[in-house]
Amino acid sequence: VLFFAVTASSFLSDKRLFLNDHKFDVTTADTAKERENGLSGWERVGEGQGMLFVYTDASQYCMWMKDMKFAIDIIWLDSNKKVISTKENATPDTYPEPFCPSGDARYVLEVSSGTVSRLGIKSGDQTNF
């Protein structure tokens, strides 16, 4: 089942994630096709919403802004669901530049631009989902 949506009003979440006592409703991208599509083609992602990329193994998963229409913050998590890297305000005009974590990640969370700064998210923060 695909959970891709193009507007916040039709956003479908399948998981709840907590980071720094803030709740996010996320759509999980856990197949190769879902991870390839990501947020491409979406009009926006609302505050408190995001997409969680789930990988089988931890590795250097780099993200890019292919076919994106808006800026996002990217948060990489290790196998223990701790923040290991962030990229703030990744904009569509940066494509094809890849953004990579500082270490091996198993999860990548994409959220609306400004979230990392607004919530004070930093390396070592723990998520729960």
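Residues numbered from 1 in each chain as written. Predicted model: local features only at pLDDT ≥ 70, side-chain atom pairs only at ≥ 80, totals over all residues. Heavy atoms only, no water.

Engineer: I'm lost on the overall build of the protein in this one. Help?
Structural biologist: Each helix and strand counted, the protein has two helices and seven strands in total. Helices (α) and strands (β) of the protein occur, in sequence order from the N terminus, as β-β-α-β-β-β-β-α-β. In terms of its C-alpha atoms, the protein occupies a principal-axis envelope of roughly 30 × 30 × 30 Å. Per-residue burial for the protein yields a buried fraction of 43% across its 129 residues. (Helix = DSSP H or I, 4+ residues; strand = E, 2+ residues; numbered from the N terminus. Buried < 20%, exposed > 50% of the residue type's maximum accessible area, 1.4 Å probe, protein only.)

Engineer: Would you mind going over the nonpolar core with me for this structure?
Structural biologist: One broad rule of soluble globular proteins: the nonpolar side chains tend to lie buried together. Judged by nonpolar contacts, the single largest core of 20 residues is most densely connected at Ile72, Ile74, Trp76 and Val108. Excluding residues within four positions of it along the chain, Ile72 makes contact with Leu39, Met65, Lys87, Glu88, Asn89, Ala90, Glu110, Val111, Ser112 and Ser113. If you look at the next biggest cluster of nonpolar residues, it comprises 15 residues, including Leu19, Phe24, Val26 and Tyr107. (Core = buried A, V, L, I, M, F, W, Y, C linked by side-chain atoms within 4.5 Å. Contact = heavy atoms within 4.5 Å.)

Engineer: I tried to follow the packing of aromatic side chains on my own but got confused; where do I start?
Structural biologist: Centre distance and the angle of the planes are the two values used to describe a pair of aromatic rings. Counting across every chain of the model gives three aromatic pairs. Their ring planes at 10 degrees and their centres at 3.6 Å tell us that Tyr55 and Tyr61 sit as a pair that is stacked. The two residues Tyr55 and Tyr61 agree in class, both being buried. Ring geometry for Tyr107 versus Phe129: centroids 5.0 Å apart, planes at 85 degrees, classification edge-to-face. With a gap of 22 residues between them, Tyr107 in strand β6 (residues 105-112) and Phe129 in the segment after β7 (127-128) connect regions that are remote in the sequence. According to the relative accessible area criterion, Phe129 is partly exposed, its value standing at 22%. (Phe/Tyr/Trp six-rings, centres within 6.5 Å; stacked < 30°, edge-to-face > 60°.)

Engineer: Sorry if this is basic, but what is going on with the state of the cysteines here?
Structural biologist: As used here, a disulfide is simply a covalent bond connecting the sulfur atoms of two cysteines. Across all of its chains, the model carries one disulfide by this definition. Here Cys62 pairs with Cys100 through a disulfide, and the sulfurs are 1.9 Å apart. Looking along the S-S bond of the Cys62-Cys100 disulfide, the torsion reads about 110 degrees, which is the right-handed sense. Pair noted here: Cys62 is in the loop between β3 (49-59) and β4 (72-77) and Cys100 is in the loop between β5 (83-90) and β6, with a separation of 38 residues, a long-range link. (Disulfide = S-S within 2.5 Å.)

Engineer: Could you clarify how one ought to interpret the side chain of Glu34 in this entry?
Structural biologist: Structurally, Glu34 can be placed in helix α1 (residues 32-37). Among buried charged residues, Glu34 stands out as having no salt bridge; its nearest opposite-charge side chain is Arg35, 6.8 Å away. (Lys, Arg positive; Asp, Glu negative; His and termini not counted. Salt bridge = Lys/Arg side-chain N within 4 Å of Asp/Glu carboxyl O.)

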